[in-house]
Amino acid sequence: MTLEHYVEVGKKRLRCGYTTGTCAAAAAQACGQALLAGGFPHSLRIDTPAGVAVVVEPEEIHRGTDAQGTPWASCGVRKDAGDDTDATDDALVVVRVSLTDTPGTTIEGGAGVGRVTRAGLDQPVGAAAINSVPRAMIASELERVAREHGWQGGFAVEVSVSGGEEIARKTFNPRLGIEGGISILGTSGIVRPMSEEALVESIRLEMRMRRAQGLRDLVLVPGNYGQDWVQDREGVDPTHIVSCSNFLGEALDYAGVLGFETLVLVGHMGKLAKVATGAMNTHSRVADGRAEAFAAHAALAGAGRDDIARLMECATTDEALEVLAGHGPGETAVSDERECLLAATLRGLTQAIARHVSRRGDPVRCEVVVFSKAWGELGRSGGAQELLDRHRVRGTAARKEGRI
């Protein structure tokens, strides 16, 4: 079945798809029905976190009993990426579910699902690359089926992907430290299509709307992480925020064209470390350089050869932060020297990001704030606080906590 859900991106109407996580949750639902209701349904409905209902058809359905007499069922659901360009489009996500006496749901990866080999990703090292939201969706579907049929036990789930190891070679998984297959992903359950021309036009349209509202000051974020950060931590009015996705350069250019006077860029270090190298399109297929940025600024801060070599091998910026600090987020520092190295490196990175943004954004006055979900705020340029104060909503939680 084709998902008939569309988004207007610029002047184009593009069809959305659904994630591998949605496929896995739907397949798990089918298996639960087969085990507890006695048969597979003809179609499956998933209410995604995005609020969009997805209806799919089960494929390659099987039932049986293992050598210990435990009933199992398996089902496949085919990924539909819509109008998005996605290496996993049409991949068959297969879920096998067995009943267990112990309540709860355990989820593991099978053939074609990658395994995490580096720290800093959604799942710990050694775990199957099935992210948190898909895991929650799978468990939720099975728990709902269990309630409907009065099942008091639990479920053992294995997720696999036909041809997943070959598909993964077309992705950035090997570079990120995910080996042996693809990741089961999705925070919203829905794939929103990425047409670059249309996306840039939609960003410009939103900026024009903000300017037409009379705004002269703007908060720019690369995506949801930045938006959540400035709203939750800084109490920023959401009507003052524009998401530029990966197209930072185009957004900075257009801010000048529209006559904005000031702009604060707020983003996760995973994106903005690329900007420290001068990259103005932060999509992974266009630019990376995060490891190189960390290594260069750590070297300027006095890091030794061994630390620099380790930074060059880091898959994520959170992993790089652990190398510099000598500990994980929230853990006890190893030494003051380590803390000084971390602080000096972050100061250099923040200054480099601010310098490149200001150069591209001229004549708009630009400031930056950089953060990590795990480590918190990592740096901000000198005038960022003053500009953020212009965007706050009165009576926010941030004000009550004394941050305003």
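Cut-off values and rules
- Residues numbered from 1 in each chain as written.
- Predicted model: local features only at pLDDT ≥ 70, side-chain atom pairs only at ≥ 80, totals over all residues.
- Heavy atoms only, no water.
- Pairing = 2+ DSSP bridges.
- Helix = DSSP H or I, 4+ residues; strand = E, 2+ residues; numbered from the N terminus.
- Axes fitted to C-alpha atoms, helices over the stretch in contact; angles between N-to-C directions.
- 1 Å grid on protein atoms, 1.4 Å probe; cavity = no way out; pocket = protein on both sides within 12 Å on 5 of 7 lines; lining within 4 Å.
- Points joined across faces, edges and corners; volume = space filled by probe spheres on them.
- Nonpolar A, V, L, I, M, F, W, Y, C, P; charged D, E, K, R; others polar.
- Buried < 20%, exposed > 50% of the residue type's maximum accessible area, 1.4 Å probe, protein only.
- Contact = heavy atoms within 4.5 Å.
- Parallel < 35°, antiparallel > 145°, perpendicular 65-115°, else oblique.
- Left-handed = near helix turned anticlockwise from the far one by under 90°.
- Salt bridge = Lys/Arg side-chain N within 4 Å of Asp/Glu carboxyl O.
- Core = buried A, V, L, I, M, F, W, Y, C linked by side-chain atoms within 4.5 Å.
- Arc of directions from axis to C-beta.
- Disulfide = S-S within 2.5 Å.

Peer 1: Honestly, the sheet that holds strand 12 (residues 154-161) in this entry has me stumped. Any pointers?
Peer 2: In a beta sheet, neighbouring strands pair by backbone hydrogen bonds and run either parallel or antiparallel. Taken together, the five strands give an open sheet; going across it, the order is 6-7-8-12-9, and neighbouring strands pair in mixed fashion. Across the chains shown, the open sheet's two edge strands, defined by having one partner strand only, are strand 6 (59-65) and strand 9 (104-109). When the angles between neighbouring strand axes are averaged without regard to direction, this sheet yields 15°. Strand direction decides the pairing type here: strand 6 and strand 7 (residues 71-78), joined by five bridges, are antiparallel. The residue of strand 7 that forms the bridge with H62 is S74.

Peer 1: Would you mind showing me how to read the layout of surface pockets here?
Peer 2: If a probe as big as a water molecule is rolled over the atoms, it shows which places are left empty. Its boundaries defined by the atoms lining it, the second largest pocket holds a volume of some 170 Å³. Considering the residues around the second largest pocket, the lining is formed by N224, Y225, D228, W229, D232, R233, F371 and K373. A per-element tally of the lining of the second largest pocket places helix 6 (residues 224-232) first, with five residues. Looking at the lining of the second largest pocket residue by residue, the class counts come to three nonpolar, one polar and four charged.

Peer 1: Would you take a moment to explain the sheet that holds strand 20 (residues 376-380) for this structure?
Peer 2: Here five strands make up an open sheet; going across it, the order is 17-16-18-19-20 and the pairing mixed. Two strands close off the open sheet at either side, each with one partner strand: strand 17 (241-243) and strand 20. Strand-to-strand twist of the sheet, defined as the mean angle between neighbouring strand axes without regard to direction, takes the value 25°. In terms of strand pairing, strand 19 (residues 365-372) meets strand 20 through four bridges, oriented antiparallel. The residue of strand 20 that forms the bridge with V369 is R380.

Peer 1: What should I look at first to understand the environment of L121 in this one?
Peer 2: Looking at where L121 falls in the secondary structure, it is placed in the loop between strand 11 (115-116) and helix 2 (132-149). With relative accessibility at 23%, the residue L121 sits in the partly exposed group. Taking the C-alpha atoms as reference points, L121 and N131, separated by 10 residues in sequence, lie 9.0 Å from one another. In contact with L121, not counting residues within four places along its chain, are V116, L176, G177, I178 and T316.

Peer 1: Even after reading the chapter, I still don't get the packing of helix 10 (residues 305-312) against helix 11 (residues 317-325), so can you show me in this structure?
Peer 2: Helix packing geometry: the angle between the two helix axes and the distance between the axes. Put simply, helix 10 and helix 11 touch, their axes get as near as 9 Å, and they point 170° apart. It follows from the interaxial angle that helix 10 and helix 11 lie roughly antiparallel. Between helix 10 and helix 11 the crossing geometry is right-handed. Here helix 10 contributes D307, R310 and L311 to the contact with helix 11, which in turn contributes A320, V323 and L324.

Peer 1: Any chance you could explain the environment of Y225 here in plain terms?
Peer 2: Residue position: Y225 is located in helix 6. Each C-alpha atom of the pair Y225 and L92 lies 30 Å from the other, and the pair is 133 residues apart in sequence. If near-sequence neighbours (up to four positions away) are discounted, Y225 is found in contact with H268, F371 and K373.

Peer 1: Help me out: how do you make sense of the pattern of salt bridges in this one?
Peer 2: Oppositely charged side chains can form a pair if their charged atoms are brought close together. Using the criterion set out here, one finds 22 salt bridges in the structure. Linked through salt bridges whose partners overlap, the residues forming this network are D217, R365, E367, E386 and R390.

Peer 1: When you look at the nonpolar core in this model, what are you seeing that I'm missing?
Peer 2: Buried together is how nonpolar side chains tend to be arranged in soluble globular proteins. Ranked by internal contacts, the top residues of the largest apolar core, which has 51 residues, are M207, L220, L248, L263, F294 and V357. In terms of residue count, helix 12 (residues 336-361) provides more of this core than any other element does, eight residues in total. Not counting chain neighbours up to four residues away, the residues in contact with L220 comprise V242, C244, L248, A251, L252, L263, V264, L265 and V266. With 45 residues, the next largest nonpolar core counts V54, C75, L99 and L142 among its residues.

Peer 1: Explanation requested: helix 6 in the structure shown.
Peer 2: Because an α-helix packs 3.6 residues into every turn, residues spaced three or four apart end up facing the same way. Among all positions of helix 6, only G226, W229 and V230 are buried. Within helix 6, the buried residues cover an arc of 90° as seen down the axis, which keeps them to one side. Residues of helix 6 that are exposed and point more than 90 degrees away from the buried face comprise N224 and D232. In this fold, the buried residues of helix 6 make contact with strand 16 (217-221), strand 17, strand 18 (262-268), strand 19 and strand 20.

Peer 1: So what exactly am I meant to see when it comes to the state of the cysteines here?
Peer 2: Disulfides are covalent bonds that link the sulfur atoms of two cysteine residues. Under the criterion given, the structure shown has zero disulfides. Of all cysteine sulfurs, the one in C23 lies closest to C16, which takes part in no disulfide; the gap is 14 Å. Looking at C16, the relative accessible area reads 0%, which means it is buried.

The analysis is restricted to geometry; functional conclusions fall outside its scope.
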